[in-house]
Amino acid sequence: MADVLIVDNDKSARKDLKSIIEDSKFSFLSIYEASTSQRGMILLKQNRPTILIVDISLPDIDGIKLGRSALQLYPDLPVIVVTQLKMFEFVQEAINSGFSAYLLKPLSKNELLDTFERILPQGLNKEINQTINGKSHFSSDLKNPIESAIQFIQMNYSYALTLKEVANQVYLSPSYFSRLFKEEVGMTFVEYLSFVRVQKAKTLLRVSSLPIEIIANNTGFSNASYFATAFKKMVGKTPREYREQFHFEE
């Protein structure tokens, strides 16, 4: 899913970031915003973005900790730290945490886009490949069953997944898993699975010329008709309308 999640409590800074991205060749990226680590973590679990941009100074948990938590969920997620604090200890901490970049505010447009150029293709290619490859190897973390379930869904959404199958993957009864999933994610299992599939389809509609029927099949929908219905319900446009709008905007 080609998305950017920006976590920064400075509304003006988020606006500047969005403007840079939307006025660049990376305008196909969907952008999600959060002003706190707590909200950022919810969006992180719901969307599994391609890039996470996080400010160090957040009102609840600092951005370094949020970035580390994000990498525990998604080890290959590129994390960009932004801050007004030019302090070596933060740079060192960011490097040691495995983050992809450390950028100073006010952000340089060229520096941000160069960073995207370096880290985006790899992430984007991985997203597209996952819609075509077979079921991925999976090891459940029994201490974090819902996070494990999310990872399993993200890796295998193109298959006919059932609640029971995913519950079995994390060693929970279907009824308990269903209740716990809704509490932690804010969506039912079926809602989240459909959400993931539609988001993945949006990426393929934006960045590929694959026929809609093929995209429907590659993202786990049983047929193109059901795909179109689910897509329009969630996005407000049919897949064809969505693709045409994007191409028109370009």
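The structure presented is a predicted model; accordingly, all values stated were derived computationally and were not measured. (Residues numbered from 1 in each chain as written. Predicted model: local features only at pLDDT ≥ 70, side-chain atom pairs only at ≥ 80, totals over all residues. Heavy atoms only, no water.)

**So, the pattern of salt bridges**
How we decide: For salt bridges, the criterion is a side-chain nitrogen of Lys or Arg within 4 Å of an Asp or Glu carboxyl oxygen. Strands are runs of DSSP state E lasting at least two residues, helices are runs of H or I lasting at least four, and both sets are numbered from the N terminus onward. With a 1.4 Å probe rolled over the protein chains alone, any residue whose accessible area is under 20% of its type maximum counts as buried; one over 50% counts as exposed, and the rest are partly exposed.
This structure, assessed with the given rule, holds 6 salt bridges. Where E147 meets K45, a salt bridge forms, and the shortest distance between an N and an O atom there is 3.7 Å. Here the residue E147 occupies a position in helix α6 (residues 145-156), and K45 occupies one in helix α2 (residues 37-47), the gap between them amounting to 102 residues. Given the relative accessible area of 23%, E147 is considered partly exposed. By relative accessible area, K45 is classed as buried at 15%. For K105, the salt bridge is made with D55, and the minimal N-O distance between the two is 2.9 Å. Here the residue K105 occupies a position in the loop between β5 (101-104) and α5 (109-130), and D55 occupies one in strand β3 (residues 51-55), the gap between them amounting to 50 residues. Connected through salt bridges with shared partners, the residues D8, D55 and K105 form a single ionic network.

**Some details on the packing of α2 against helix α3 (residues 63-73)**
Convention followed: Each axis is a line fitted through C-alpha atoms, and for a helix only the stretch in contact is used; angles between axes span 0 to 180 degrees, taken between their N-to-C directions. Here is the rule for angles: anything less than 35 degrees is roughly parallel, anything more than 145 is roughly antiparallel, 65 through 115 is roughly perpendicular, and the remaining ranges are oblique. Crossing chirality is assigned from the near helix's rotation relative to the far helix, an anticlockwise turn below a right angle marking it left-handed and a clockwise turn marking it right-handed. When checking whether two residues touch, look at their non-hydrogen atoms; a contact exists if any pair is within 4.5 Å.
Taken N-terminus to C-terminus, the directions of α2 and α3 make an angle of 15°; their axes are 11 Å apart at the nearest point. With respect to their mutual orientation, α2 and α3 come out roughly parallel. Once α2 is placed against α3, the crossing between them reads as right-handed. Contacts between α2 and α3 pair S37, M41, L44 and K45 from the former with L66, S69, A70 and L73 from the latter.

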